[in-house]
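# Working through the structure, step by step
Spelled out from the first residue to the last, the chains are:
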Amino acid sequence: MKFWKKPVIYAVIFGVVLMGCNTYALLDTFVIFHAMAASTDSSSTASGSSSETSDTETGKITQTDTSYEDDNISISINTYEAYDTTYYVADVELASAEYLKTALAQNLFGTNVTETTSEQAEDHNAILAINGDYYGANKSGYVIKNGTVYRSSQRSDSEYDDLVIYEDGSFGIINETEVSAEELVEDGVTQLFAFGPTLVENGEVAVSQNAEVGKAMASNPRTAIGIIDDCHYILVVADGRSSESEGLSLYELAQIMQTYGCETAYNLDGGGSSTMYFNGEVVNNPSTNGHSFSEREVSDIVYIGYE
């Protein structure tokens with residue numbers, strides 16, 4: 001038997017090492033748990049904002065399976081059918097933007113730190129919650145939650161703009177190449193979402209009919225947030241990838257957000273992540289493959305509540 005020649009041996013070794021590196025890179029991105037401290041500027045908060053629980057009394061609470069109302073928060077949930085898709089609309093009016101909050105899975109910042117939307121919502125006694133932008137799937141891109149800067153490195157893909165929410169509850173669209181995370185907080189930004197794209201801007205649909213996120217399918221479960229007026233928001237979650245609900249394109253989602261009068265609307269993480277939670281229950285039917293229905297664990301949520 002002839003022994004392998006050195007070039008062949010080197011090629012085999014190189015192939016094994018390359019496969020190992022690729023496997024580790026995938027595990028490091030999607031599986032390996034990395035909890036991290038906030039950036040050195042994480043103590044920066046927007047002027048007048050606070051992460052502490054408000055002492056404001058809720059007043060009388062009126063609640064049904066599809067609505068909630070107290071002195072500060074009004075929410076109504078409706079289910080609709082369009083484009084062969086079932087979608088859920090939460091119409092939210094707040095006395096103050098302090099009741100629009102975000103939360104991190106396990107109350108930790110880091111990659112692959114995840115919990116379901118409902119688990120995070122329950123941890124914070126949320127009245128209403130949807131999945132956020134799944135910041136933990138990326139190693140770059142601004143992360144600002146409740147006025148705190150957790151990551152200030154610009155995301156490598158500047159194709160999409162970010163949605164920012166100011167302490168007065170108003171929305172803005174920014175590009176990370178044009179402003180630092182710390183400057184945003186100094187300007188009063190309390191929340192930032194880096195997914196996209198922007199669906200509606202200045203009341204007009206901002207995506208083309210064939211727009212899509214990366215290589216995703218045209219029809220998907222979707223999650224979006226929009227603003228109509230001062231502290232008046234629309235949160236939409238659409239089911240998809242099943243025989244009962246096909247899913248929406250970005251353009252269809254943008255049309256829906258515009259129909260509700262949104263001046264600005266933004267696409268959040270979708271697919272199997274798309275989840276709406278209200279009054280202790282998951283409202284929609286989250287699904288990754290359309291065959292089984294269960295929540296995907298995500299890194300963050302947007303919620304309405306007092307804690």
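A few words now on unusual backbone geometry. The omega angle of the peptide bond from Gly-196 to Pro-197 is 10 degrees, so this bond is cis rather than trans. Not every positive phi belongs to a glycine, and Cys-231 is a case in point at roughly 55 degrees. With respect to the helices and strands, the residue Cys-231 is situated in the loop between β16 (222-229) and β17 (232-238). With a relative accessible area of 10%, Cys-231 lands in the buried category.

Glancing now at the sheet that holds strand β13 (residues 189-193). Pairing within the open sheet is antiparallel, and its three strands lie in the order β12-β11-β13. Among the strands making up the open sheet, the edge pair consists of β12 (171-174) and β13. Each adjacent strand pair in this sheet contributes to an overall mean axis angle of 30 degrees, direction not counted.

For the rest of this paragraph, the subject is the sheet that holds β17. An order of β2-β3-β4-β5-β17-β16-β18-β14-β15 is seen for the nine strands of this open sheet, with the pairing classed as antiparallel. Bordering the open sheet on either side are β2 (62-63) and β15 (204-205), each of which pairs with just one other strand.

The next subject is the side chain of Glu-115. Within the element layout of this structure, Glu-115 appears in the loop between β7 (109-111) and α2 (117-123). For the buried Glu-115, no salt bridge is present, and the opposite-charge side chain at shortest range is Lys-145, 14 Å distant. At a separation of 2.8 Å, a polar atom in the side chain of Glu-115 contacts the main-chain amide nitrogen of Gln-106. For Glu-115, the residues in contact, after removing those within four places along its chain, are Ala-105, Gln-106, Gln-120, Asp-123, Arg-296, Glu-297 and Val-298.

A full pass over the atoms with the stated rule returns six aromatic pairs. Taking the centre distance of 5.4 Å and the plane angle of 25 degrees together, the rings of Phe-109 and Tyr-150 count as stacked. Placement of Phe-109 in strand β7 and of Tyr-150 in strand β10 (residues 148-151) is noted, with a sequence separation of 41 residues between them. Residue classification places Phe-109 among the buried positions, given a relative accessible area of 5%. Three or more aromatic residues joined by ring pairs make a cluster, and in this case those are Tyr-80, Tyr-87 and Tyr-260.

Of all five residues that make up β13, five are buried, and the element is covered over most of its length. Note that strand β11 (residues 162-166) and β13 share four bridges and pair antiparallel. Bridge pairing links Tyr-166 to Val-189 in β13.

The next point concerns the pairing of β12. Note that β11 and β12 share four bridges and pair antiparallel. Among the inter-strand pairings, Ile-165 is bridged to a residue of β12, identified as Phe-171. The turn joining β11 and β12, which pair antiparallel and follow one another in sequence, is formed by four residues; a positive phi near 90 degrees is taken by Gly-169.

Along the chain, the position of Val-283 falls in the loop between β20 (281-282) and β21 (300-304). Separated by 204 residues in sequence, Val-283 and Thr-79 place their C-alpha atoms 9.4 Å apart.

A separate point is the confidence of the model for the protein chain. Of the residues in the protein chain, 80% reach a pLDDT of 70 or more, and the chain-wide mean stands at 86. Counted against residues more than four places away or in other chains, residues 20-31, with its pLDDT under 50, gives 12 contacts. The low-confidence segment residues 37-55, where pLDDT is below 50, has 31 contacts with residues more than four positions distant or belonging to other chains.

The next thing to look at is a negative patch on the surface. On the surface, Glu-69, Asp-71, Glu-93, Glu-167, Asp-168, Glu-204, Asp-229, Asp-230 and Glu-263 cluster together to form a negatively charged patch. Tracing the backbone shows Asp-168 in the loop between β11 and β12.

Within this structure, the stated rule accounts for three salt bridges. For Lys-145, the salt bridge identified is with Asp-133, shortest N-O distance 3.7 Å. Here the residue Lys-145 occupies a position in strand β9 (residues 143-145), and Asp-133 occupies one in the loop between β8 (128-131) and β9, the gap between them amounting to 12 residues. Each member of the pair, Lys-145 together with Asp-133, is buried. The shortest N-O distance in the salt bridge between Lys-145 and Asp-300 comes to 3.4 Å. One end of the pair, Lys-145, is in strand β9; the other, Asp-300, is in strand β21, with 155 residues separating them in the sequence. According to the relative accessible area criterion, Lys-145 is buried, its value standing at 3%. We classify Asp-300 as buried; its relative accessible area is 0%. Through salt bridges with shared partners, one network takes in Asp-133, Lys-145 and Asp-300.

The rules we used
Residues numbered from 1 in each chain as written. Predicted model: local features only at pLDDT ≥ 70, side-chain atom pairs only at ≥ 80, totals over all residues. Heavy atoms only, no water. Helix = DSSP H or I, 4+ residues; strand = E, 2+ residues; numbered from the N terminus. Buried < 20%, exposed > 50% of the residue type's maximum accessible area, 1.4 Å probe, protein only. Pairing = 2+ DSSP bridges. Axes fitted to C-alpha atoms, helices over the stretch in contact; angles between N-to-C directions. Lys, Arg positive; Asp, Glu negative; His and termini not counted. Salt bridge = Lys/Arg side-chain N within 4 Å of Asp/Glu carboxyl O. Polar contact = N/O pair within 3.5 Å; in protein donor to acceptor, adjacent residues only side chain to side chain. Contact = heavy atoms within 4.5 Å. Phe/Tyr/Trp six-rings, centres within 6.5 Å; stacked < 30°, edge-to-face > 60°. pLDDT = per-residue confidence, 0-100. Patch = residues over 30% accessible without salt bridge, like charges linked within 9 Å, V, L, I, M, F, W, Y side chains within 5 Å. Areas by Shrake-Rupley, 256 points an atom, 1.4 Å probe, with all protein chains shown as cover. Charge placed at Lys NZ, Arg CZ, Asp CG, Glu CD.

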